[in-house]
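# An overview of the molecular structure
The residues making up each chain are set out below.
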Amino acid sequence: MAVVGTAPVPSTVALEFARDHHGVAWITVACAVAACAPAGLRWLRVAQREHYLAGSVLRFAGRWWRSTPTNAALATGAVAAAVASLWWPPAGVATAAVVAAGPIGLGVRGRTSPLAWTRRLRTLAAVWAGLVVVLVVVGVVTGAASPLAVVAALAVPVLVDLACWATTPLERRLSGRFVDRAAARLVRVAPTVVAITGSFGKTSTKGHVAFLVTGTRSVVATPASFNNRAGLARAVNEHLADGTEVFVAEMGTYGPGEIADLVGWCPPDIAVITAIGPVHLERFGSEDRIVEAKSEILGPAPDVVLAVDDPRLAAVADRAAAAGKRVHRCSARDPAADVAVVRGSGGALSVYRRGSVLAEGIEVPVGVQPSNLACAIAVALVVGVDPEAVGSRLSGLPSTDHRLQAVRSGTGATILDDTYNSNPAGASAALAALASAAGDGPADGGGSRRAVVVTPGMVELGARQFEENRRFGAAVAGVATDLVIVGRTNRRALQVGSASVPGAGVRTVLVGDRPEAVTWVREHLGPGDAVLYENDLPDHYP
Amino acid sequence: MPDVAVIFGGPSPEHDVSVLTGLQAARGLAGGSGPAVRALYWSKTGEWFEVDPGLEAESFLEGVPRGARPLVFTAAPGGGFSEAGGRLGRSRAVELDVALVCCHGGPGEDGTLQAALDLAAVRYTGPTVAGAALGMDKLAFGAVMAGAGLPTLPRVLLGGGVDRPDFEGPYILKPRFGGSSIGIDVVQDFATAQARLGANPHLRAGAVLEPYRPDMTDLQVGVRTWPTLEISAVERPIRSDGSTDILDYRDKYVAGEGMAGANRELPALISPELEKALRTAAESVAGLAGVRGMARLDFLSDGDTFVVNEINTVPGSLARYLWVTPPVPFATLLADLLAEARQRPTHAYTAAGADGSVLRSAGSIAAKLG
């Protein structure tokens, strides 16, 4: 409470200035404009993390101001003070103070993902600052300087969103130059293009393809996160060396039409859809629209690889076949599929090609999903890798970073790192791996082995977010001894879920952020214990 | 004073290792009181950039680092590097004293880059066009060594009119061109070797076959040529994994520090006779292969006898770790490389003899064709 003693309390400041009403109005304007600086940095960072999509900043602002009772009270106070300032300008100083300081928990700099002053961000910041200046100037001209300055401070997230929206056409024009260069480069190098999309499994499948093809063709895969228009163009311009024979491109989508644009200038020879799930559901609306958006990848590709265990992708496969494409159906359970990878009871994998065995008894890292691997094998066969070579390479398959990667900690506990996963299907696979890891550990005699799940839950699941996290919480209770919930984004859903299992006896631990969770794990886990880190949210999430 | 430029990267499978070597060299040069150091990064797709010489390796993970300034390279007198698209369309030349070449494999080590620098009259460290090209061609290099009477293993071109080598398997199959162990394979018989030729992308440009000798291990020495020819201590690289048949790319480079961080026995525990023989052979190789700057020679030995295997004309980490007896600091090695680049030209083009007499007596071109 030392803060109150040393800093001027807004209301006393206001009283002091009330003697000269005119001067006070100007002080209010100055405070409001000053408050825009830290608030601007804060919300510009959110805009950057959310791919500059207009509307996302306001959504996050809503999340943050509702995240804790303190933030909610501050927000209510700030709005009330802003309204009061219409009659009594000094109240606006209180609004400015809240805008400058809050929401509590959302840093200006950022810990996991600091603000990067890229050319794009500088443009965005300039446009946003321009909007603030326009508001204030209009205020000065019309004699409403103080109310409009207070509005500018209060509406920083809205103005940043507006700036995102306004700069989108310009950014498209600018990135068009890089896209044109990339398109020309693709024509010149002329590799076989493998395009991979899916709600999850894209990156793993891409890694598997690159690994299987490497011995036979010179192959370049896009780096981890380069899966949108700008990223793909950059990958082509900077990584696609002359002489590359196979280019494996991951294509992500945040909305309809995005993949259609990508395949327009990076046309795939082989198109792959790994899975459909409720990822980015809040941007698509429904899973049917996700299927539609992902199917844009099929475009002109003569060869299509689909994970048909999902009936929706089986339907896509039938349509593609009817359209005259060569369809390669991949499965994790039906050996009669074009390529099937089936996990046996002992964990080893068997690979089938239209019913006949291609390889058996393959041991792979714990995080490898048979369905993704089947898709990758199908691609390798299409680009001409010898079936025997596929079989012999499979046993050396590496794990994908942060995708259910198992490591042994210094204290002897098993750590399962699944921090890049954020979908319900992957989460249940991870829980199964945790159950078996906890079972495998050396017995310590007491039989009190711990199985811990550390998670902030899953996001971007639209209307299903609460329900999916509640279900996940319940599933955790069936497997784990402790559930460490990180942050507040999904805290309640996970708590409700884990408490819904009668007699499970799972202990729930609440922590503010990931480092706090790691400290807890270090203190409480020893040899034979196992911990699953499921998903990680950057710190622009509450 | 014009600056010293470190050149690294390049469209090569060894691009990443070259980034490590380049950043190490930039750091090594920056420590001294010499001229300013500039870092010139050659991207995987062949484009040139100037980057901050103090960068860390991870800045290159995703591609061209943030803040890199595009350069253009002109292979003509008065050319060299200049800033692309300067303000008002004017390009500003990058005034260079010497370029320190840190490129491994591909066009940075096979003479292509060296030829371009020669044409632009940029002085550079390391091999000349001829030395680089010979060092990168395992078939030609082996033939030169064998021709001079140095001990070598038989080495034949696979598919180059040779129906079957006159030595028995198992064989070691290597790309004919290439600076590292990428693409190297051990095969049991000739039929498998021929099958690999079509399947292994690294062998497209040609492959050589030699007997696989598991009884022999690698021994390596450094050779530097300025101010005088010097041979380093003998090193025995150690495989990280006893199961692999040959010292692979991972053993050499993936340890983290590049070549300087790999496992090794240094100086190697070998007999004084063998060491003496290796040093004498190294001096001959240096002359035969036209070594300039700093090269690493790879021998194979069974403990008593040895054969000359390969040469690396721009070795990883510039082979700085080999200079232990007596110790030579990295700064000295770098300073000597730069001094040699300034004082020992890589080429001397001459137009002597082209005095016009041929032109005068030529008559009309049309008459000649008629």
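Here the structure is a predicted model, which means the values were calculated and not measured. (Residues numbered from 1 in each chain as written. Chains lettered and ligands numbered in written order. Predicted model: local features only at pLDDT ≥ 70, side-chain atom pairs only at ≥ 80, totals over all residues.)

## Observations concerning the overall build of chain B
From N to C terminus, chain B includes 10 helices and 15 strands. For chain B, buried positions account for 43% of its 370 residues. If you take every contact in chain B between residues at least 6 apart in sequence, the share linking residues at least 24 apart comes to 66%. (Helix = DSSP H or I, 4+ residues; strand = E, 2+ residues; numbered from the N terminus. Buried ≥ 20, exposed ≤ 12 C-beta atoms within 10 Å, placed from the backbone. Contact = placed C-beta atoms within 7 Å.)

## Here's the deal with the interface of chain A and chain B
In this assembly, 15 residues from chain A lie in contact with 10 residues from chain B. Per-element tally for the side of chain A that touches chain B: the top contributor is helix α11 (residues 229–239) of chain A, with four residues. The class makeup of the residues in the side of chain A that touches chain B is four nonpolar, five polar and six charged. (Nonpolar A, V, L, I, M, F, W, Y, C, P; charged D, E, K, R; others polar.)

## Regarding the domain arrangement of chain B
One widely used convention gives an interface's size as the accessible area the parts lose upon coming together. Residue and element names in this part refer to chain B. Taken domain by domain, chain B comprises domain 1 (3–124), domain 2 (127–150 + 215–346) and domain 3 (154–212). Here the C-alpha centre of domain 3 lies 34 Å away from the C-alpha centre of domain 1. Here the side of domain 1 that touches domain 3 is built from residues that sort into one nonpolar, two polar and three charged. (Domains from an automatic or database assignment.)

## Notes on the sheet that holds strand β9 (residues 185–187) of chain B
Note on sheets: strands pair through backbone hydrogen bonds, and any given pair is parallel or antiparallel. Residues and elements named next belong to chain B. Within the open sheet, the four strands sit side by side as β7-β10-β8-β9. Their pairing is antiparallel. Looking at which strands have only one partner, the edges of the open sheet turn out to be β7 (156–157) and β9. With three bridges connecting them, strand β8 (residues 171–175) and β9 associate as antiparallel partners. Bridge assignment links I172 to a residue of β9, and that residue is V186. Packed onto the sheet, helix α5 (residues 190–199) meets β8, β9 and β10 (207–211) and runs at close to 145 degrees relative to β9. (Pairing = 2+ DSSP bridges. Axes fitted to C-alpha atoms, helices over the stretch in contact; angles between N-to-C directions.)

## Observations regarding unusual backbone geometry
Only a minority of non-glycine residues have a phi that is not negative, and only a minority of peptide bonds are not trans. Each neighbour pair has its own omega, and for B:G169 with B:P170 the value is 0 degrees, a cis peptide bond. Secondary-structure assignment places B:P170 in the loop between β7 and β8. Here the residue pair B:W226 and B:P227 is connected by a cis peptide bond, since its omega of 0 degrees sits within 30 degrees of zero. With respect to the helices and strands, B:P227 occurs in the loop between β11 (217–224) and β12 (230–237). Of note in the backbone geometry, A:H51 takes a positive phi value of approximately 60 degrees without being a glycine. Of note, A:H51 is situated in the loop between α3 (21–49) and α4 (56–67).

## A few points about the packing of helix α5 (residues 69–84) of chain A against helix α6 (residues 91–101) of chain A
Two quantities define a packed helix pair, namely the angle between the helix axes and the distance between the axes. Residue and element names in this part refer to chain A. Running from N to C, α5 and α6 cross one another at 150 degrees; their axes reach a closest spacing of 7 Å. In this view, α5 runs roughly antiparallel relative to α6, as classed from their interaxial angle. In this structure, the crossing between α5 and α6 has a hand that is left-handed. Between α5 and α6, the residues in contact are L74, G77, A78, A81, A82 and A84 and A91, G92, A94, T95, V98 and V99, respectively. Classifying every residue of the contact of α5 with α6 by side-chain character gives nine nonpolar, three polar and no charged. (Parallel < 35°, antiparallel > 145°, perpendicular 65-115°, else oblique. Left-handed = near helix turned anticlockwise from the far one by under 90°.)

## A closer look at the pairing of β12(B)
Residues and elements named next belong to chain B. Pairing between β11 and β12: four bridges, direction antiparallel. By the bridge assignment for β12, V221 is matched with V234. The antiparallel hairpin formed by β11 and β12 contains five residues in its connecting segment. Note that β12 and strand β13 (residues 264–265) share two bridges and pair antiparallel. The residue of β13 that forms the bridge with R236 is E265.

## Quick word on the packing of helix α7 (residues 119–142) of chain A against helix α9 (residues 156–189) of chain A
All names here are of chain A. One way to put it is that α7 packs onto α9 with a least axis distance of 9 Å and a crossing angle of 125 degrees. In terms of orientation, α7 lies oblique with respect to α9. Considering how the two elements wind past one another, α7 and α9 form a crossing that is right-handed. The segment α7 lies against α9, with R120, T123, L124, V127, W128, L131 and V132 engaging L159, V160, L162, A163, C164, A166, T167 and E171. Looking at side-chain class alone, the contact of α7 with α9 contains 11 nonpolar, two polar and two charged residues.

## Considering the nonpolar core
Counting 114 residues, the largest nonpolar core has A:V194, A:L306, A:I377, A:V379, A:L416, A:L434 and A:V531 as the members making the most contacts within it. At eight residues, helix α16 (residues 370–382) of chain A tops the list of elements feeding residues into this core. The residues that make up this core include at least three from each of domain 2 (190–394) and domain 3 (405–534) of chain A. Among all residues touching A:V194, those that are not within four sequence positions of it are A:V209, A:V246, A:F247, A:V248, A:A249, A:P268, A:I270, A:V272 and A:V379. If you look at the next biggest cluster of nonpolar residues, it comprises 76 residues, including B:F81, B:A99, B:L297 and B:F306. (Core = buried A, V, L, I, M, F, W, Y, C linked by C-beta atoms within 7 Å.)

## Thoughts on the sheet that holds strand β2 (residues 37–42) of chain B
Residue and element names in this part refer to chain B. Reading across the sheet, the six strands line up as β5-β4-β3-β2-β1-β6 and stay open at both edges, with mixed pairing between neighbours. Every other strand in the sheet has two partners, leaving β5 (80–83) and β6 (96–101) as the edge strands with one partner each. Across the sheet, the mean angle separating the axes of adjacent strands is 35 degrees when strand polarity is ignored. For strand β1 (residues 3–9) and β2, the ladder comprises six bridges, and the chain directions are parallel. Following the sheet pairing, V6 is matched in β2 by A39.

## A few points about helix α10 (residues 202–214) of chain A
Residues and elements named next belong to chain A. An ideal rise of 1.5 Å per residue puts 18 Å on 13 residues; α10 measures up with 18 Å between its terminal C-alpha atoms. Burial analysis of α10 places 10 of its 13 residues in the buried class, the great majority of the element. All of the buried residues in α10 are K202, T203, S204, T205, K206, G207, H208, V209, L212 and V213. Those residues of α10 hidden inside the fold are in contact with β1 (192–197), β2 (219–221), β3 (246–250), β4 (270–273), α16 and α17 (387–394). (Expected span 1.5 Å × (residues − 1).)

## A closer look at the environment of B:A277
Relative to the assigned elements, B:A277 resides in helix α7 (residues 272–288). Measuring from C-alpha to C-alpha, the distance between B:A277 and B:F306 comes to 8.6 Å, with 29 residues separating the pair along the chain.

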